[in-house]
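# Structure assessment
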Amino acid sequence: METEYKQLVASLSSLEKNTDLYSNSIKLVKCRDLYRSILKTFPWLEGFWVRWAHTEFALNDSSAAIFVFNSAINTPSLENSLVVWVEYLKFLVRIECTCRPVTERILSYFREAEKRIGDHFLAHEYWDMYLEICDSKMKLLLHIVNNCTLHQCTKYYEQLRNDISKCNYDQLLSFCDDAMHAGNTEYKRIFDDFVDSRVADSLELDKFREVVCTKLRLQYQLHIRRVDAVKGFEMSIKRPFFHPKIPKKTESLVWNNYLNSVDDNHAYAKIKLFKRALIPFAFDESMWLKYIRYLVSVNNDGIEQAYIAGKHLKVVNDHHELWQLRNDPIKMSDCDKRSEVILRNSKDDSDHSIEKVQRLSYLRLHDPRSYLKEFSDLSFEEFETYYENNEPN
């Protein structure tokens, strides 16, 4: 696999060095084919998706570049990729944000990116872009300072405190109101204390600002502890990117400790962290199995996601070992009996399989509960057919 990777990358690099690449249609077709071949086999190569998109844009085809970026963020392996999302948003801002107001389409991409990468330790470049185009800057800064474990959290705290020091009476009330609606109930008392009295002199206004800044400082001091807890793991990660070589044991230990530090009940955060880990550990079967065990143990959706994860590993290693875990079974105490069904490798008549897959496609839209129950009974062959017909766009 590593040899194939090196050959494909070398071929692409050699082709991209041609000075006539953009004027030679034959070489362009070959270049696109190489990108497709590389990213079909190694979808975790974040930088290659970005390179391909920029190659298309260099041909004055922004729609093709957007198609490539969309393909990347809709690839299950990269839906939470900081690299791809930041580069995509930079590209969108570059081609569409030449004037104000910013379009709702661009803002919708930033809101979606917030769900995917907003709490990433190194997401400061994303937040800097978002702050440049948003209308409610102080509201967004408060969200960052209270909720995002960022490496540069202190920078945003100082920025918000500086903005508060320049606010007038109405702006301070608006800030307190936004904070309350965001779940910061501590600001209600401040709001109530000042809402009924118009501040007539600078001393009273300074007092209002000081009270708000004091509350903000206390929140920041609590939040920075969470940032520091994450920082130790993040700074120990040496290879967050993909390579066919499995990372060293020391790197594996860092990731396992990081994953174990996240409460199992915080499923959304833990799954996102697993997906980050599975970029550098894409060829590490033990990491995939740990991810699948967690998915199956926390929710019904884990059934389908476990199948998808297994399909990735099957492609990578070209065998069915993931589906034959009888030598390393998932213990019944760790998850329910569905785990045995999910990982079994049975055979059914092909006509019956096709009929079952068609029924599942219908149930998925009209009867989710029955869909989940019947999905868990799929054989490996049935799932292959189902996945090909329902693969995420």
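See the structure above.
In this text the structure is predicted, and so the values were computed from the model without any measurement. (Residues numbered from 1 in each chain as written. Predicted model: local features only at pLDDT ≥ 70, side-chain atom pairs only at ≥ 80, totals over all residues. Heavy atoms only, no water.)

### Digging into the overall build of the protein
A tally of regular secondary structure across the protein gives 20 helices and zero strands. Looking at the 393 residues of the protein, the share that counts as buried comes to 46%. Carbon and sulfur atoms form 51% of the exposed surface of the protein, whose accessible area is close to 20,700 Å². (Helix = DSSP H or I, 4+ residues; strand = E, 2+ residues; numbered from the N terminus. Buried < 20%, exposed > 50% of the residue type's maximum accessible area, 1.4 Å probe, protein only. Areas by Shrake-Rupley, 256 points an atom, 1.4 Å probe, with all protein chains shown as cover.)

### Observations regarding the environment of glutamate 56
Along the chain, glutamate 56 falls in helix H3 (residues 46-58). Under the relative-accessibility criterion, glutamate 56 is labelled buried at 3%. Taking the C-alpha atoms as reference, glutamate 56 lies 9.7 Å from leucine 28; in sequence the two are 28 residues apart. Those residues within four positions of glutamate 56 in sequence are excluded, and the remaining contacts are Arg32, Asp61, Ala64, Ala65 and Val68. Within the structure, glutamate 56 has its side chain in polar contact with the side chain of arginine 32 (distance 2.7 Å). (Contact = heavy atoms within 4.5 Å. Polar contact = N/O pair within 3.5 Å; in protein donor to acceptor, adjacent residues only side chain to side chain.)

### Structural notes on the packing of helix H5 (residues 82-96) against helix H7 (residues 124-133)
Where H5 meets H7, the closest approach of the two axes is 9 Å, and the angle between their N-to-C directions is 25 degrees. The angle between H5 and H7 falls in the class roughly parallel. Here H5 runs over H7; the crossing is left-handed. From H5, Val86, Leu89 and Lys90 reach across to H7, where they touch Glu125, Tyr126 and Met129. Classifying every residue of the contact of H5 with H7 gives four nonpolar, no polar and two charged. (Axes fitted to C-alpha atoms, helices over the stretch in contact; angles between N-to-C directions. Parallel < 35°, antiparallel > 145°, perpendicular 65-115°, else oblique. Left-handed = near helix turned anticlockwise from the far one by under 90°. Nonpolar A, V, L, I, M, F, W, Y, C, P; charged D, E, K, R; others polar.)

### Some details on the side chain of lysine 272
Assignment of secondary structure puts lysine 272 in helix H14 (residues 267-277). One polar contact links the side chain of lysine 272 to the main-chain carbonyl oxygen of lysine 115, over a distance of 2.9 Å. Only 3.0 Å separates the side chain of lysine 272 from the side chain of aspartate 119, close enough to count as a polar contact.

### Regarding the packing of H14 against helix H15 (residues 285-298)
In contact at an axis separation of 11 Å, H14 and H15 are set at 165 degrees when each is read in the N-to-C sense. When the axes of H14 and H15 are compared, the pair comes out roughly antiparallel. Between H14 and H15 the crossing geometry is left-handed. Contacts from Ala267, Lys270, Ile271, Phe274, Lys275 and Ala277 of H14 reach H15 at Met287, Lys290, Tyr291, Tyr294 and Leu295.

### Some words on H5
Along an α-helix, residues three or four positions apart point the same way, because every turn accommodates 3.6 residues. End to end, H5 covers 21 Å across 15 residues, agreeing with the expected 21 Å (1.5 Å per residue, within 8%). All of the buried residues in H5 are Leu82, Val84, Trp85, Val86, Tyr88, Leu89, Phe91 and Leu92. Next to the buried residues of H5 lie H3, helix H4 (62-73), helix H6 (104-117) and H7. (Expected span 1.5 Å × (residues − 1).)

### Brief notes about the side chain of lysine 215
Tracing the chain through its elements places lysine 215 in helix H12 (residues 202-234). Put simply, lysine 215 is tucked away with no salt bridge, and the nearest opposite charge, on glutamate 186, sits 5.9 Å away. Look past the residues within four positions of lysine 215 in its chain and what remains in contact with it is Glu186, Tyr187 and Ile190. (Lys, Arg positive; Asp, Glu negative; His and termini not counted. Salt bridge = Lys/Arg side-chain N within 4 Å of Asp/Glu carboxyl O.)

### Some thoughts on the packing of aromatic side chains
Ring pairs (aromatic) are described by centroid distance and by the angle formed between their planes. In this structure the tally under the stated criterion is 27 aromatic pairs. Each ring, one from tryptophan 44 and one from phenylalanine 283, has its centre 5.8 Å from the other, and the planes form 90 degrees; the classification is edge-to-face. With a gap of 239 residues between them, tryptophan 44 in the loop between helix H2 (25-41) and H3 and phenylalanine 283 in the loop between H14 and H15 connect regions that are remote in the sequence. Exposure class is identical for tryptophan 44 and phenylalanine 283. Each is buried. Between phenylalanine 233 and tyrosine 258, the ring centres sit 5.0 Å apart and the planes meet at 10 degrees, which makes this aromatic pair stacked. Of this pair, phenylalanine 233 sits in helix H12 while tyrosine 258 sits in helix H13 (residues 249-261), placing them 25 residues apart in sequence. Residue tyrosine 258 is classed as buried on the basis of its relative accessible area of 7%. Site record: aromatic cluster; members linked through ring pairs are Phe57, Phe69, Trp85, Tyr88, Phe91 and Tyr109. The lysine or arginine in question, arginine 51, covers the ring of phenylalanine 48, its NZ or CZ lying 4.5 Å from the ring centre. (Phe/Tyr/Trp six-rings, centres within 6.5 Å; stacked < 30°, edge-to-face > 60°. Lys NZ or Arg CZ within 6 Å of the ring centre and 35° of its normal.)

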